[in-house]
Amino acid sequence: MKRSPEIEAIVRRYVASRVSGASTESLLSSSEHLLFVGFDESHWYEGTEVLPIVRVSSDALPIAEYELQRLQAFESGSVGWAVWDERRTYENGPSMSLRRTLVFELENGSWKIVHSHFSALAPSAELLGPDLNRTLSELLESIFADGRQMLGGLSGTATLVFTDIVDSTPLSLQLGAAAWNAAITAHFDSVRQAVEGEGGSVVKTLGDGGMFAFESGSAALRAAIRMQQIVSASSDPKMNMRVGVHTGDVVQTEDDYVGATVAIAARVAAAADGGQILVSSTTAGMVNPTDFHFDTPITVELKGLEGTHQLRPLAWSSIRE
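This one's a predicted model, so the numbers in the text were calculated from it and none came from an experiment. (Residues numbered from 1 in each chain as written. Predicted model: local features only at pLDDT ≥ 70, side-chain atom pairs only at ≥ 80, totals over all residues. Heavy atoms only, no water.)

(A) Representation of the packing of helix α5 (residues 168-175) against helix α6 (residues 177-197). At their nearest, the axes of α5 and α6 sit 6 Å apart, and the two run at 125° to each other. It follows that α5 is oblique to α6 by the angle criterion. Note on packing geometry: the crossing formed by α5 with α6 is right-handed. Two secondary-structure elements touch here, α5 through Ser168, Leu171, Ser172 and Leu175 and α6 through Ala177, Ala179 and Trp180. (Axes fitted to C-alpha atoms, helices over the stretch in contact; angles between N-to-C directions. Helix = DSSP H or I, 4+ residues; strand = E, 2+ residues; numbered from the N terminus. Parallel < 35°, antiparallel > 145°, perpendicular 65-115°, else oblique. Left-handed = near helix turned anticlockwise from the far one by under 90°. Contact = heavy atoms within 4.5 Å.)

Here is the structure:
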């Protein structure tokens, strides 16, 4: 292993291109194993997924000021790597202190980036505000944490709906903390109206994710459709939301729910794409088939759950408000 002035120079060129908004695609490996990982749980992009993220990041998050610190670069044979600290200030956005690592491989005699990872040098709550660092999984963990102290509550069957705004971190950085907080508040005000309009209740909201409960599967699906219609019609800012629905037995104490149904509903939502409503086969089998139209079923593995699960995408975009 030795210090690599060549890789250090490539890093400085990479950083300069990123700050100026110029393309950095020529520095990326063409390997299917190209991997970009960020500090948000959802930021894990591989192969062909990387280029769109690089382009969106350059276009949507222009950097006003940048400071590079503690850059070190090394190489050993056909592999090289670099690490540095940086301070970014986004236009109309916050300042962030990050630690960045790049891994390189020699391709046709040129160093190409095969892996990128960055992490925040401060807790997310300090960077984005206390309400902006919650994810769908954190919402689930919060519910279970509360539930461990709620055993012995009332049992019953409920249909649960989980929602989550896709790629909220780049959007929040683009808008800035104050504007993003205002947008999320308005979002949940509209969602609450859709939920309560179908007789449902808001169980919890954390950051950009929410959990909602209904006494019937049909009411939950109607509310989910209305939620997507609201988000689809919004333009300031333009959001993209995933929704998951599942029905099963729960334990309820006051306004909280616990049990396997909660975990499954959250995982169903996590499996959805932006703009999609995924419904478990349990819920889909309960509702009147003439009232809702489902697209072709998909079979997926749900994180933390055994086996495969059949989910039904609910067709909602053609339904008039």
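(B) Quick peek at the nonpolar core. Phe212, Met227 and Ile277 are the most contacted members of the largest nonpolar core, which totals 33 residues. Looking at this core, the elements with two or more residues in it are β8 (154-165), α6, β10 (209-214), α7 (217-233), β11 (241-253) and β13 (277-280). Sorting elements by how many residues they give to this core places α7 first, with 8 residues. Excluding anything up to four places from it in sequence, Ile277 contacts Ala224, Ile225, Gln228, Val243, Val245, Arg312, Pro313, Leu314 and Trp316. Of all hydrophobic cores here, the second largest spans 19 residues; its members include Val15, Leu71, Leu102 and Ile113. (Core = buried A, V, L, I, M, F, W, Y, C linked by side-chain atoms within 4.5 Å. Buried < 20%, exposed > 50% of the residue type's maximum accessible area, 1.4 Å probe, protein only.)

(C) Seen up close, helix α1 (residues 5-20). Here α1 is 16 residues long and its end C-alpha atoms lie 23 Å apart, about the 22 Å a rise of 1.5 Å per residue gives. By the burial criterion, the buried members of α1 are Ile7, Ile10, Val11, Tyr14, Val15, Ser17 and Arg18. When α1 is viewed along its axis, its buried side chains cluster within an angular range of 160° and face the same direction. Counted as exposed and oriented over 90 degrees from the buried face of α1: Pro5 and Ser20. Just downstream of α1 lies Gly21, where phi reads positive at about 90°. (Expected span 1.5 Å × (residues − 1). Arc of directions from axis to C-beta.)

(D) Spotlight on the pattern of salt bridges. The full count for this structure, using the stated rule, is 6 salt bridges. We note a salt bridge from Arg222 to Glu198, for which the minimum N-O separation is 2.9 Å. Of this pair, Arg222 sits in helix α7 while Glu198 sits in the loop between α6 and β9 (201-206), and the two are 24 residues apart along the sequence. The class for Arg222 is partly exposed, based on a relative accessible area of 39%. The class of Glu198 is partly exposed, set by a relative accessible area of 27%. (Salt bridge = Lys/Arg side-chain N within 4 Å of Asp/Glu carboxyl O.)

(E) Summary view of the environment of Gly200. By the secondary structure assignment, Gly200 is in the loop between α6 and β9. Exposure remark for Gly200: the relative accessible area of 13% places this residue in the buried category. Ignoring anything within four residues of it in the chain, the contact list for Gly200 reads Val195, Ala213 and Phe214.

(F) A look at the confidence of the model for the chain. Per-residue confidence for the chain averages 81 on the pLDDT scale, and 81% of its residues sit at or above 70. No element of the chain has a lower mean pLDDT than helix α3 (residues 124-128), which averages 43, and none a higher one than β13, which averages 94. Low pLDDT, under 50, characterises residues 123-134; the stretch is placed with 22 contacts to residues that sit more than four places away or in other chains. Counted against residues more than four places away or in other chains, residues 146-154, with its pLDDT under 50, gives 12 contacts. (pLDDT = per-residue confidence, 0-100.)

(G) Here's a closer look at the pairing of β13. Burial of the side chains of β13 extends over both faces: Ile277 and Val279 are buried on one face and Leu278 and Ser280 on the other. Relative to strand β15 (residues 308-313), β13 runs antiparallel, the two sharing 3 bridges. Bridging across to β15, Leu278 finds its partner in Pro313. (Pairing = 2+ DSSP bridges.)

(H) Molecular detail of the environment of Ile63. Among the structural elements, Ile63 can be located in strand β4 (residues 63-76). Exposure remark for Ile63: the relative accessible area of 7% places this residue in the buried category. Between the alpha carbons of Ile63 and Arg18 there is a distance of 8.2 Å; along the sequence they are 45 residues apart.

(I) Molecular detail of unusual backbone geometry. For Asn108, which is not a glycine, the phi torsion comes out positive at approximately 55°. When you line up the elements, Asn108 lands in the loop between β6 (95-107) and β7 (110-120). By relative accessible area, which is 85% here, Asn108 ends up exposed.

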